[in-house]
Amino acid sequence: MNDISMKDALKVVGTRPVRPDGVDKVVGRAQFGGDAAMPGQIFGATVRSPHAHARIKRIDTSKAEAMKGVKAVVTAADFPDIASEEAFVGEGPMNFRDLSRNLMARDKVLYDGHVVAAVAATSNSIARAAAEAVEVEYEVLPHVIDEMEAMADGAPLLHDDIFTGGVEPKPTKPSNVAKRMEFVKGDLDAGFAAADKIVERTYKTAPVHQAYIEPHACVASYNADGQCLVICSSQGQFMVRAYCAKLLGIDISDMRVIPAEIGGGFGGKTLVYLEPLALALSKKSGRPVRMVMDRVDVFRGTGPTSGGTIKVKIGAKNDGTITAADAEIILQAGAYPGSPMGPACMTCFAMYDVENARTVGFDVVSNRPKVAAYRAPGAPISTFATESAMDELAREIGMDPIEFRLKNAAKDGTKALYGPTFQNIGYVETLEAVKTHPNLQAKLGPNQGRGVASGFWFNIGGESSASLAVNEDGTLVLVSGSPDIGGSRASMAMMAAEILGIDVQRIRPIVGDTASVGFTFLTGGSRVTFATGMAVCESANEVVKQLRGRAAKIWEIDEEAVEWRDGAAYPAGDNAGKFEPLTLADIAAKAARTGGPITAKGAVNAQGAGPGFGTHVVDVEVDPETGHVKILRYTASQDVGRAIHPAYVEGQIQGGAVQGIGWALNEEYIYDKDGRLDNGSFLDYRVPVASDLPQIDTVLVEVPNPRHPFGAKGVGEVPIVPPMAAIANAIYDATGVRMTSLPMSPPKLLAAMDAAGK
Amino acid sequence: MAKTHVTCTVNGEETEFLCEPQQTMLDVLRDDLGLTGSKEGCGSGDCGACSVLVDGRLVCSCLMLGSEAEGKEVTTIEGIAQGDHLHPVQSQFLKHAALQCGFCTPGLIVATKALLDANPNPTDEEARYWLAGNLCRCTGYDKILAAVHAAAAEMRGEAA
Amino acid sequence: MYSPTYAAPKTVDEAVGLLANASGAARVLSGGTDLIIQMRSGRLRPELIVDIKKIDGTIGIREEADGWHIGAATPGAVVGEHAGLCAAWPGVTEAVQLIGSTQVQGRASFAGNLCNASPAGDSVPGLVAAGAKAVIVGKNGKREIPVEDVPAGPGKTTLAADEFVYEFIIPKCEGKTGDAYLRFIPRTEMDIAVVGAGVCVTLDANGVCTAAKVSLGAVAPTVLVVPDAAKALIGSKLDQAVLDKVDAAARAIAKPISDKRGTAEYRIKVAGVLARRAAAIAFERALAR
């Protein structure tokens, strides 16, 4: 194992090589989900509900089936009626029965865009026409969109079999509240009694979509012998395999999933939508079926993250010590239970060492698409509220917001509200790092303000597999099971190259399909560089061991007497200098005579992913007459453990921060009075464009994670947690108006300024 | 249904195809000509992933009918490199880690080439506005802008 | 299955004939940046698509005795590259270049923007303020009408089924005349105008306004002309009191709806702000002449 304190000794880790999959992507040759094809493929299309809530009375597919070129039509009748069963396949809570009904409605449609049938035909245009020819008769039911309205007595009920979990006594009446959960420590009443100042407010956030630019796409074939092949873009080929097998009643050994390049996911591609439909259509038609969503389907039919209502109360002494912190977090789950209320509850006070604290979460269904994971699921929502309240409290006490956070910051040994005791964390370092940043020395002009906020994400480990094979010429092939969503092939190869002591270009990293590499949990939770990285390091260490063994065999000395350094075997100890060193190529050339192929696998269930902390500082300018907010400067510091490929670490932070800027200022789901999505396009679902933004300055703080061979911590999720509160705090600094509802769009901000007389 | 016969030039090659009257140029490129480098992110001109040059002018191929290509010269991402020699925009995107998932990259490279052909030394603001029609959800645009400026410098013959 | 007919006539007569004889719904295709989206979404299913870009004069800009002639289908990007027109009419030319992205600019045209008849079309208020005329061709020949007379309501125009816009004529920008167009959008690019305001003023040698036209987009079913704002400007050298009157006149005439892009209340307020700001820019430009 490498000594992580020896950063200066690292030759590959910490450098910025060109990614191995790069050229394909800049010349247009990379194969994404929608680019894959199978021989004889036909084209699928979906029929989606125009109603937010309705009973399906009748589906008549005869006209569609009679159309020339139509090869298959499927409805819920073509899928097994799955029993309720918790699934541990994707990111966040999921039930197989709910997922089955989410991708093909049974009996009822629960949101605008819910799929009720799918067709396959010999061309896209025929498939689309056939989808229009499917007749569905609905009995429209009252609907409910807002989570607070869904919780109210007399609200339209989505499911008659949901009884609120986590409350005593067990309810006897069904409810839209699927579950309540609570985390508590210390004595809240005593804590608030000891406070000199208390801030208490209610905040609201809008659901936002991951808005990956690549719509969901797949091609699937269901063979006569029951063997299935799916090529698709997803955050986990093993996740797709597990879900498809379960939902269609197929043995896992009959399901092979080849991961295409993935055009963004951010958590949104951690479950299936099209793949089981394409397989069912393929089974019925006897042809491979290709399905591609269009953008409006992505917005209407796939999971955004929750919107929510968050009540926060925080108390502190005049010296800045937080005495108590309390939050109630009510999250939309969409049509089926499973909002990220757990992580929302666990993360929002995790930056602070608070003796008395509580968070309570509610998971509420309403007539919206079922939520999916989105980058640090839940944390940005609850943290917007708590970090806004922290800013207000700092002002009440008259303390600098960074000093206030430093005063209460979690450190090694701090016990978090959700249980664990932190070790090797770098939160304080992120605060110290921004204090001295040049951006914080910039003077602010009229209508300008500066805001600070911090954020936390657990980061996870889990199961990963990798294999490493030495080629005849001494180059290597590295196969891992993690879809590469942002440059992980580069970091995987770099870690292997560091251990092998060779140039990274000599390792060709690929992402294996489900039949060519061991099980790997999906790409999510900021786990790949940490967990799959550990599997890669394990395989590389094993290859080094084998290489030393082969050299020992060639030299006829003990393996222990062979040292591996700089990509070659050297005789060591008593044998030092007795033989010419053998390079990797030398040993590879002699592999057949020394025992055959040199290969190794790494298989881990990685534990000890170091939690991540970040602090963002933003300067804004508000147009007092229109409410338009311009981001002037943006600084993001984060503890990344060790940056394996710093450019891609910076890229994660910049991308996460900008998604947060979109969440803060303009992104939202807008429904009309009938519960239909009114802004399902990139025209009216406004993600940030290049001209909206300044440079996003990053500060990489490195507090190594001792559980990882090179000290890596996950980095992808933390950066989306602080921006919303940071911007709200900056807007307050600029205008004196406290925005408590996202997005802080121009009409809302102007109305708030007018109401406040500012 | 009657298909339209179209003759045009695609990436320097004379090309003929038959298309349905309502079929977009993007669908023709991807489904009929096998040029899948141009991507569909929205189908409504809001994301720029399908950007191509038509007679040298930057357009969204999803907002153009295949029939309209008659007699035109179309350049797609597949036609930006000269053989195995990458265009400076392509090599600078790689060097500056200006892509994460890579899905928006073809459109951004075509759009950047058009920018630098028209304006060899754009300011940061000019570049950001020119590229505002190319959505990237991964990078926050920072490294893309760095790559654009580096490519501009390289094309002007300045040391990178 | 939906399958339209595509035609690319080479003459006005041929195009008019096609439109006049169409058995079902027909649509004129210029840049296509609205039409193709509407066809794809199923909102529009024309049986006939008449692409007018192959007709002589539909693309390009010429300066003639009666003013600037701009071909109906001239892309915004081509407009933006025309130094003469941009210098003469910065408001008009900046407005058309605000539509969509650089890519959209490669195709989107004044005529498409006008005949799509969205109340929010960015190029329309600028044309109206500048006093531009649309040249309409049809089976009864050619006629010229003020641009503001083309839209009839959201998605509707006053044109007959056999008619289309062939070109625009914008007067020569003579004397101390200056124009400006401002729009408000939540982002910095890529959005539909929440409110748009076009202003054109002409000043005498002393800097006193002798003629003015103010127009607003996205605050009524069609583009609005704001006579009270013009009245306030004429005879003034533009001071704060006049600006306040322009602001008030714009707010008074605005009758917007609340929708996903903004509330009525917000639009009214911003209409005043933008009319006032655009007036100041137009004045500044006129003074600099």
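The preceding data block contains the structure.
Residues numbered from 1 in each chain as written. Chains lettered and ligands numbered in written order. Predicted model: local features only at pLDDT ≥ 70, side-chain atom pairs only at ≥ 80, totals over all residues.

Student: Describe the overall build of chain A, and please don't skip the residues or the numbers.
Tutor: Along the backbone of chain A there are 19 helices and 28 strands. On C-alpha atoms alone, chain A measures out to a radius of gyration of 27 Å, which is about the 27 Å that the 2.2 N^0.38 rule sets for 758 residues. Summarising its shape, the C-alpha atoms of chain A cover approximately 85 × 75 × 50 Å along the three principal directions. Buried residues in chain A amount to 63% of all 758 residues. The long-range share in chain A, meaning contacts at least 24 apart out of those at least 6 apart in sequence, stands at 80%. (Helix = DSSP H or I, 4+ residues; strand = E, 2+ residues; numbered from the N terminus. Rg over C-alpha atoms; globule rule 2.2 N^0.38 Å. Buried ≥ 20, exposed ≤ 12 C-beta atoms within 10 Å, placed from the backbone. Contact = placed C-beta atoms within 7 Å.)

Student: Let's hear about helix 1 (residues 12-21) of chain C: which residues, and what values?
Tutor: Side chains that are three or four residues apart share a direction in an α-helix, a result of its 3.6 residues per turn. Residues and elements named next belong to chain C. The complete set of buried residues in helix 1 reads Ala-15, Val-16 and Leu-19. Angularly, the buried residues of helix 1 cover 95° about the axis, an arc narrow enough to put them on a single face. Among the exposed residues of helix 1, those pointing more than 90 degrees away from its buried face are Asp-13 and Asn-21. On the buried face of helix 1, the contacting elements are strand 2 (26-29), strand 3 (48-51), strand 6 (133-138) and strand 10 (164-170). (Arc of directions from axis to C-beta.)

Student: Please give an account of the interface of chain C and chain A that cites residues and values.
Tutor: Taken together, the contact between chain C and chain A spans 17 residues of the former and 19 residues of the latter. Ranked by the residues each element gives to the side of chain C that touches chain A, the list is headed by helix 11 (residues 264-288) of chain C, at 4 residues. Considered class by class, the residues forming the side of chain C that touches chain A number 9 nonpolar, 3 polar and 5 charged. (Nonpolar A, V, L, I, M, F, W, Y, C, P; charged D, E, K, R; others polar.)

Student: Describe the interface of chain B and chain A, and please don't skip the residues or the numbers.
Tutor: Many descriptions give the size of an interface as the accessible area lost when the pieces come together. Counting residues at the interface gives 41 residues for chain B and 43 residues for chain A. When contributions to the side of chain B that touches chain A are tallied by element, the ones reaching two or more residues are helix 2 (88-95), helix 3 (105-118), helix 4 (124-130) and helix 5 (142-155) of chain B. Looking at the side of chain B that touches chain A element by element, the count peaks at 4 residues for helix 2 of chain B. Classifying every residue of the side of chain B that touches chain A gives 21 nonpolar, 12 polar and 8 charged.

Student: How would you explain the pairing of strand 19 (residues 462-470) of chain A if you had to name every residue and give the values?
Tutor: Residues and elements named next belong to chain A. Across 8 bridges, the pairing between strand 19 and strand 25 (residues 599-606) is antiparallel. Looking at strand 25, one finds that Leu-468 is bridged to Ala-600. Note: strand 19 against strand 20 (residues 476-480), 5 bridges, orientation antiparallel. Directly across from Ala-469, in strand 20, lies its bridge partner Val-477. Connecting strand 19 to the next strand, strand 20, in antiparallel fashion are 5 residues, including Gly-474 with a positive phi near 90°. (Pairing = 2+ DSSP bridges.)

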